[in-house]
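Fold and geometry: a report
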Amino acid sequence: MASTKSAAIYSMYDYRRYIDRENFSLVMNVANQKYNSLNSREAMWRLLGDWGTPSDSKIWSQGQKTIPILARASLLSTHAPKPTRGTTGWKFYTGSTPKMGHGYTFGEDDMFLLRDAKNNTGQSIQDLIYDSIITNSRNILGGIHSEITHMCMELASTSEIHEASVDGVKYDFTYEFEQNQFFTMSPVWFTESNDGTVSANGSATVLQDILDLQDTLTYTQGRDVNAWMVSKKTLDKILTHPSILGSFLSWKSNGQTQSGTYPATNPEILAFLHDRGVWPILPIDYKSVHEEDGQSVEDKPAFSPYTMVAFNSSQKLFDIKCTNSIWKDRQAYGGIGDNTLYSFVENRIAVLSIWNENPIHNTTEFELYAAPVFKNLADYGLVTLYSPYSG
């Protein structure tokens, strides 16, 4: 009798009573709507990249599968909290596309909470379940978009992707750039102390360095670049660098010494730099978090604060190369159980919802095979402004 009673109690909370296979995809698309905008922090990758055409192939290489990506494997030992770097150096990598994914569960405790909410608020079970699915799915989809964004930010600002998971192995990825696409400022613009404090190097001539870099990239090397990308935090330091601020104040006063101080604003200084030929500057202000022991922990900046990137503002840097999930094949084969729902958000992010009756439990998982590749390796330049403290 207990079993029969349990089934009667919980059947009303079964997703399938309210969301069929067609509606499940509609619900997933609603959950993803937040991330269709360039204003979404989690989906900031859309500033830098576009979806590539999904492929059935897991082969991942730069540029129409003609230029291999260089990779150095980092194997995880049983109890190591950090990957152990491979010592054999860089090698060509033409293996599988990195895979990302996570999910959420909906069990007995959640059902009791919904029942209490129904009794206390008068809301229908249908509305409560719908809201629960939307909220949970939106959070999980946000995590997927955050991972793509993290990869794009890291790749744009370092020319590499670190610790991408491929078939259970951690890899670092770099791309076949020409060596003259990388620059290191000398003297450096800033120095970093052991406590993380960053100070301006008064001997650096920042404005002239930028103009020289622009000339080298375009006139000497012939690269089709016309804008800079830099972290917002670093841009704030650049605009208040003594060499920049001194030039600005001298111009503002027509070379005349003024008593007191002038309250210069960042927009004014930026306009001053642009008037002197500095390209438009795109500031990147992005933070992400990861989970440790159930707690939200802020990641180190995905966009390096130590670099500045030259790019072409008329096109995005990346295509997000995608591999179709095998779940798409499984759905096409037919014969799917009544306890299973599939969806493919943006025709790429695969969602699988499975209902187990004993114990009463629903698991919804999301997965995506994807990673960024450059649209054009030639239209890119990376400038190291200063280095992390090294003792």
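Throughout what follows, the structure given in this document is the object of discussion.

Thresholds applied
- Residues numbered from 1 in each chain as written.
- Predicted model: local features only at pLDDT ≥ 70, side-chain atom pairs only at ≥ 80, totals over all residues.
- Heavy atoms only, no water.
- Helix = DSSP H or I, 4+ residues; strand = E, 2+ residues; numbered from the N terminus.
- Buried < 20%, exposed > 50% of the residue type's maximum accessible area, 1.4 Å probe, protein only.
- Contact = heavy atoms within 4.5 Å.
- Areas by Shrake-Rupley, 256 points an atom, 1.4 Å probe, with all protein chains shown as cover.
- Pairing = 2+ DSSP bridges.
- Axes fitted to C-alpha atoms, helices over the stretch in contact; angles between N-to-C directions.
- Core = buried A, V, L, I, M, F, W, Y, C linked by side-chain atoms within 4.5 Å.
- Polar contact = N/O pair within 3.5 Å; in protein donor to acceptor, adjacent residues only side chain to side chain.
- Arc of directions from axis to C-beta.
- Salt bridge = Lys/Arg side-chain N within 4 Å of Asp/Glu carboxyl O.

Things to note about the overall build of the protein chain
- Helices and strands together make up the secondary structure of the protein chain, namely eleven helices and 20 strands.
- Here the protein chain holds 391 residues, and the buried ones make up 43% of them.
- For the protein chain, long-range pairs separated by at least 24 residues make up 74% of all intrachain contacts whose partners lie at least 6 apart in sequence.
- For the protein chain, the exposed area adds up to about 20,000 Å²; of that, 49% sits on carbon and sulfur atoms.

Quick notes on the environment of T218
- Among the secondary structure elements, T218 is positioned in helix α7 (residues 206–220).
- Each C-alpha atom, one on T218 and one on D379, is 9.7 Å from the other, the two residues being 161 residues apart in sequence.
- For T218, the residues in contact, after removing those within four places along its chain, are R223, V225 and W279.

Quick look at the pairing of strand β11 (residues 227–231)
- With respect to burial, β11 is a largely interior element, five of its five residues being buried.
- Along β11, one buried face is formed by A227, M229 and S231 and the opposite face, lined by W228 and V230, is buried too.
- Taken together, the four bridges between β11 and strand β12 (residues 281–284) define a ladder with parallel strand orientation. Within the sheet, the bridge partner assigned to M229 lies in β12 and is L282.

Focus on the sheet that holds β12
- What the five strands build is an open sheet, ordered β8-β20-β15-β11-β12; its pairing is mixed. Both edges of this open sheet fall to β8 (182–184) and β12, since each of them pairs with a single strand only. Here the strands of the sheet are splayed against their neighbours by 20° on average, with no regard to which way each runs.
- In the sheet, β8 pairs with strand β20 (residues 381–384) via three bridges, with the strands oriented parallel.

Overview of the nonpolar core
- I148, M229, F318, I320 and F374 are the most contacted members of the largest nonpolar core, which totals 61 residues.
- In terms of residue count, the dominant contributor to this core is helix α6 (residues 125–158) (14 residues).
- Residues A204, I210, I244 and V278 belong to the second largest nonpolar core, which totals 31 residues.

Examining the side chain of T364
- By the element assignment, T364 lies in strand β19 (residues 361–374).
- Within the structure, T364 has its side chain in polar contact with the side chain of S353 (distance 3.4 Å).

So, helix α10 (residues 266–275)
- Listed as buried for α10 are I269, F272 and L273. Down the axis of α10, the smallest arc covering the buried residues is 95°, so these residues share one side. Turned more than 90 degrees off the buried face of α10, the exposed positions are P267 and D275.
- In this fold, the buried residues of α10 make contact with α7, α8 (232–239) and α9 (242–252).

Considering the pattern of salt bridges
- Throughout the structure, instances matching the rule amount to eight salt bridges.
- Ionic pairing is found between D50 and K316, a salt bridge with its closest N-O pair at 3.1 Å. You can see D50 sitting in strand β1 (residues 49–51) and its partner K316 sitting in the loop between β15 (307–311) and β16 (318–323), a full 266 residues away along the chain.
- For D236, the salt bridge is made with K232, and the minimal N-O distance between the two is 3.3 Å. In this pair, D236 and K232 both sit in helix α8, four residues apart, roughly one turn of the helix.
- Judged by relative accessible area, which is 28%, D236 ranks as partly exposed.
- Ionic contacts of the salt-bridge type, sharing partners, join the residues D50, K316, D319 and K375 into one network.

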